[in-house]
Amino acid sequence: MNKLTFQINDISDLALQVMKAVIDKNEETQKLTEDGLGPLALASALSDFFQISSALENGAQTLDPEQMAEFGDYGMDLLDRLAYQCRQLDILDQRETLWRIYPSLAVWLVRRDAVLDNLEGAADGFAWLVNGLSDKDELAETCMLMDEVLEAASEKIMLDEDRSNAWRPWRVLSLNSGIAATRSLDPELMERIFDKLGRRLPYDMAGFLADGKRQIATQTVPDEVSAVMERYAEKWPTSPPH
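Residue numbering note: each chain is counted from 1, following its sequence as written. pLDDT decides what is reported in this predicted model: residues at 70 or higher carry local features, side-chain atom pairs at 80 or more are listed and counted, and totals for whole chains, interfaces and linings draw on all residues regardless. Computation of side-chain values covers all heavy atoms of the structure but excludes hydrogens and water.

Attention now goes to the nonpolar core. Within the largest apolar cluster, 78 residues are counted, with the highest numbers of intra-cluster contacts made by L105, L109 and F126. Whether two residues are in contact is decided by their heavy atoms: any pair within 4.5 Å suffices. Excluding its chain neighbours within four sequence positions, the residues that come into contact with F126 are L4, P103, V107, T142, L145, M146, V149 and L173. Joining through side-chain atoms within 4.5 Å is the link that ties buried Ala, Val, Leu, Ile, Met, Phe, Trp, Tyr and Cys residues into a set, and such a set is a nonpolar core. A 1.4 Å probe rolled over the protein chains alone gives each residue an accessible area, and that area as a share of the maximum for its type sets the label: buried under 20%, exposed over 50%, partly exposed in between.

Right under this line is the structure:
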């Protein structure tokens with residue numbers, strides 16, 4: 001799988017590509033001012049962020065857990081600002097690059113013990129990635145990457161108390177982890193992710209499994225895969241038994 005990268009210099013290069021497109025387009029249009037965090041100020045902030053990230057990666061600098069969480073939030077906020085500027089300038093040809101950057105950086109951060117309080121970009125990026133995959137091994141790998149990010153979400157996100165938004169990142173990312181596990185046709189991975197999905201999204205399990213059963217019914221899949229789906233569907237019925 002070559003769509004994501006977990007070396008900070010590679011992630012930085014992707015961000016630089018998008019940032020350059022923003023600066024070039026804004027020089028043409030003059031649509032964004034440099035008041036606040038305009039394109040040039042954002043480019044400087046991103047450069048500083050990736051310099052610190054590189055120092056963290058090579059061991060030249062360390063951060064304690066609280067500092068790492070703040071650093072991760074700051075990095076994700078910078079990417080949000082970059083994505084916003086792309087939208088303001090109608091730069092459409094960099095969307096897929098942004099969708100690569102978000103989950104790449106999220107995984108990089110959580111592998112350095114960051115707790116993430118902003119999953120929106122990562123959830124969108126992983127959704128794009130899963131939708132474009134068909135190889136079972138790549139689906140399994142992507143599923144495990146999503147699980148890494150979900151495990152590193154902040155307690156507030158994990159509690160999932162406000163369920164009014166069906167497109168909230170916690171739900172989108174969790175469901176896509178289940179979809180990727182199912183499409184990987186790996187019974188052990190399905191069991192592991194379904195158990196976690198039951199804790200993360202108990203209110204969605206019945207519907208998720210019913211959809212999964214319908215999808216599997218239209219395909220030829222190993223008996224072990226069908227058995228896993230049946231077993232969990234019985235555990236999470238769409239309507240309570242009489």
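Moving on, we get to the packing of aromatic side chains. To pair, rings of Phe, Tyr and Trp, with the six-membered ring standing in for Trp, must have centres within 6.5 Å; the planes then decide the type, stacked if under 30 degrees apart, edge-to-face if over 60, and tilted in the middle. Per the counting criterion, the structure on display carries six aromatic pairs. Taking the centre distance of 5.2 Å and the plane angle of 80° together, the rings of F49 and F50 count as edge-to-face. Exposure class is identical for F49 and F50. Each is buried. Arranged with centres 5.4 Å apart and planes meeting at 80°, the rings of F194 and Y232 form a pair that is edge-to-face. One end of the pair, F194, is in helix α9 (residues 187–200); the other, Y232, is in helix α11 (residues 223–235), with 38 residues separating them in the sequence. Y232 shares its class with F194; the two are buried. In textbook terms, an aromatic cluster arises when at least three aromatic residues are bridged by ring pairs, as seen for F49, F50, F71 and Y74. Placement of a charge over a ring requires the Lys NZ or Arg CZ to be within 6 Å of the ring centre, with the centre-to-atom vector within 35 degrees of the ring normal. In this structure, R111 packs its charged tip against the face of F6, placed 4.9 Å from the ring centre. Just above the ring of Y203 sits the side chain of R163; from NZ or CZ to the centre is 3.9 Å. Note on conventions: DSSP H or I runs of at least 4 residues are helices, E runs of at least 2 residues are strands, and numbering of each starts at the N terminus.

With that settled, consider the pattern of salt bridges. Here, a salt bridge means any Lys or Arg side-chain nitrogen found within 4 Å of an Asp or Glu carboxyl oxygen. Within this structure, the stated rule accounts for 13 salt bridges. One salt bridge connects E151 with K196, and the closest N-O pair in it is separated by 3.5 Å. Of the two residues, E151 sits in helix α6 (residues 136–151) while K196 sits in helix α9, which places them 45 residues apart along the sequence. Judged by relative accessible area, E151 falls into the partly exposed class, the value being 44%. Exposure remark for K196: the relative accessible area of 16% places this residue in the buried category. R214 is the salt-bridge partner of D211, the closest N and O atoms lying 2.1 Å from each other. Of this pair, D211 and R214 are both found in helix α10 (residues 205–217), three residues apart, which corresponds to roughly one turn of the helix. On the accessibility criterion, D211 (41% relative accessible area) is partly exposed. Counted as one network, the salt bridges with shared partners bring together D147, E151, K196 and R200.

Just geometry here; none of it tells us what the structure is for.
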